[in-house]
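Architecture and fold: a report
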Amino acid sequence: MTTATLPDTHADEGGPGWIRRNRMTLAPLLFLLPGAIFFIAYVILPILQSFQISFFRWDGLGEPEFVGLANYQELSTDRAFEVSLWNNLKWLVLYLLAIPGGLFIALFLNQTVAGIRIYKSLFFFPFVISQVVVGLVFTWFYDPTFGLLNTLLEGIGLSPINVLGDPTLATYGIIIAGLWPQIAYCMILYLTGLNAVDPEQIEAARLDGAKGLRMLWHVILPQLRPATFIAFVVTIIGALRSFDLISIMTNGGPFGSTRVLSFYMFEKALSEYGFRMGYGAAIAVVLFLIMLVFIAYFLWSMWRQERGH
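It should be emphasised that the depicted structure is a prediction, and the values quoted were computed from it without experimental measurement.

**Brief notes about the pattern of salt bridges**
Enumeration over the complete set of coordinates arrives at 4 salt bridges. Taking the shortest distance from any N to any O, the salt bridge between Arg 276 and Glu 74 comes out at 2.8 Å. Here Arg 276, found in the loop between α14 (261-270) and α15 (277-308), pairs with Glu 74, found in helix α3 (residues 70-75); they are 202 residues apart in sequence, far enough to count as distant. One salt bridge connects Arg 79 with Glu 82, and the closest N-O pair in it is separated by 3.2 Å. With Arg 79 and Glu 82 both in helix α4 (residues 79-95), this residue pair falls 3 residues apart, about one helical turn. Of the residues examined, Arg 79 reaches a relative accessible area of 55% and is grouped as exposed. The exposure class of Glu 82 is partly exposed, given its relative accessible area of 47%.

Structure (structure tokens):
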């Protein structure tokens, strides 16, 4: 007498059958996996290592010496760190002018008038050139002997000024140079956002008598929230990591007056001033935490607005 055997329902639990049943879940995860690995390896792990190194005294070659919070205590009495932090605050406040600047240029370019493509190309041009080139162009522009700025000032009867040689003006001169390509970037974001604005809402607002600033504030800007969020995040990150323009235009001078945290970190960790990896990592941690606070605030604001809708 033979006994019938029941099929083993668990035989292909991890085999091809299981893969077929879950392919809609597995496919996006497999596509995301390489990017996630690289993100963890080249972003998350270096951040964690920076936190770890900030608790050590290390020259990058010898044996690290654990010093606890000594590097952070030294930051609290470091005058150069204070100047760098204050300059970063100036960058943060003034760099945000790129957002309304980009918005109003985008509103101007989002029209059908003759020659609009030429205008778009001219405004887009600063975004595609290197920051090094931007720094060199503005260095020549500010030059006290042959620069265009002083030529214009002398043409209207004013005395020439040495923007990059004056400790009170140099930081503002570099920020203006940085705003040139940043406004172009924000303009591109808003031009993309304006293409997604619902024309039916605009037409309905016109029938209700809305126009000008009322139309912009109550109808257009609410639909541009995603573009505004990206513009804020990118602009804040750009302001806090403003290294290349400073390196090209002043190299931190005159007398260290244009240093920011990213440049001061480089000076302490990698330049001829020290090879103090632990101290440089502590500066990097402070810079990261400042950036994290701003970005977390905007993420929370965006989430609250979406939840309210």
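Resuming the write-up.
**Let's talk about the packing of aromatic side chains**
Pairs of aromatic rings are described using the distance from one ring centre to the other and the angle between the two planes. All chains considered together, the criterion is met by 17 aromatic pairs. Aromatic pair Phe 124 and Phe 127: ring centres 5.8 Å apart, planes at 55°, arrangement tilted. Of this pair, Phe 124 and Phe 127 are both found in helix α6 (residues 116-128), 3 residues apart, which corresponds to roughly one turn of the helix. Taking the relative accessible area as the measure of exposure, Phe 124 reaches 33% and is therefore partly exposed.

**A closer look at the layout of surface pockets**
Gaps between atoms show up when a probe of the same size as a water molecule is rolled over them. Considered as a void within the structure, the largest pocket measures approximately 650 Å³ in volume. As for the largest pocket, its lining consists of 26 residues, of which Ile 47, Ser 50, Met 265, Ala 284 and Phe 288 are closest to the centre. Every element with two or more residues in the lining of the largest pocket is listed here: α2 (23-53), α14 and α15. Top element by residues in the lining of the largest pocket is α15. It accounts for 10 residues. For the lining of the largest pocket, a count of residues per class yields 21 nonpolar, 4 polar and 1 charged. A volume near 350 Å³ is recorded for the second largest pocket. Every residue lining the second largest pocket is counted, 15 residues in all, and those nearest its centre are Arg 225, Thr 228, Phe 229, Phe 232 and Gln 305. Mapped onto the lining of the second largest pocket, the elements with two or more residues apiece are α11 (213-223), α12 (225-240) and α15. Among the elements that take part in the lining of the second largest pocket, α15 stands out by supplying 6 residues, more than any other. Here the residues of the lining of the second largest pocket are counted per class, giving 10 nonpolar, 3 polar and 2 charged.

Calculation criteria
- Throughout, a residue's number is its position along its own chain's written sequence, starting from 1.
- In view of the model being predicted, local features appear only for residues whose pLDDT reaches at least 70, and side-chain atom pairs are presented and counted only at 80 or more, with totals across whole chains, interfaces and linings using the full set of residues.
- Water and hydrogen atoms play no part in the side-chain values, which are based on all heavy atoms of the structure.
- We define a salt bridge as a contact between a side-chain nitrogen of Lys or Arg and a carboxyl oxygen of Asp or Glu at a distance within 4 Å.
- Secondary structure elements are defined from DSSP: runs of H or I of at least 4 residues count as helices, runs of E of at least 2 residues count as strands, and each element is numbered from the N terminus.
- Between buried and exposed lies partly exposed: a residue is buried under 20% and exposed over 50% of the maximum accessible area for its type, with that area taken using a 1.4 Å probe on protein chains only.
- Paired rings are identified among Phe, Tyr and Trp, the last through its six-membered ring, by centres lying within 6.5 Å, and are further divided according to the angle between planes into stacked (under 30 degrees), edge-to-face (over 60) and tilted (the rest).
- With a 1 Å grid spanning the protein atoms alone, the term cavity applies to any set of points in which a 1.4 Å probe fits but cannot get out, the term pocket to an open set with protein on both sides within 12 Å along at least five of seven lines, and the term lining residue to any residue with an atom within 4 Å of a point.
- Grid points are joined across faces, edges and corners, and a volume is the space filled by probe spheres set on the points.
- Polar here means any residue other than Ala, Val, Leu, Ile, Met, Phe, Trp, Tyr, Cys and Pro, which are nonpolar, and Asp, Glu, Lys and Arg, which are charged; Gly is therefore polar.

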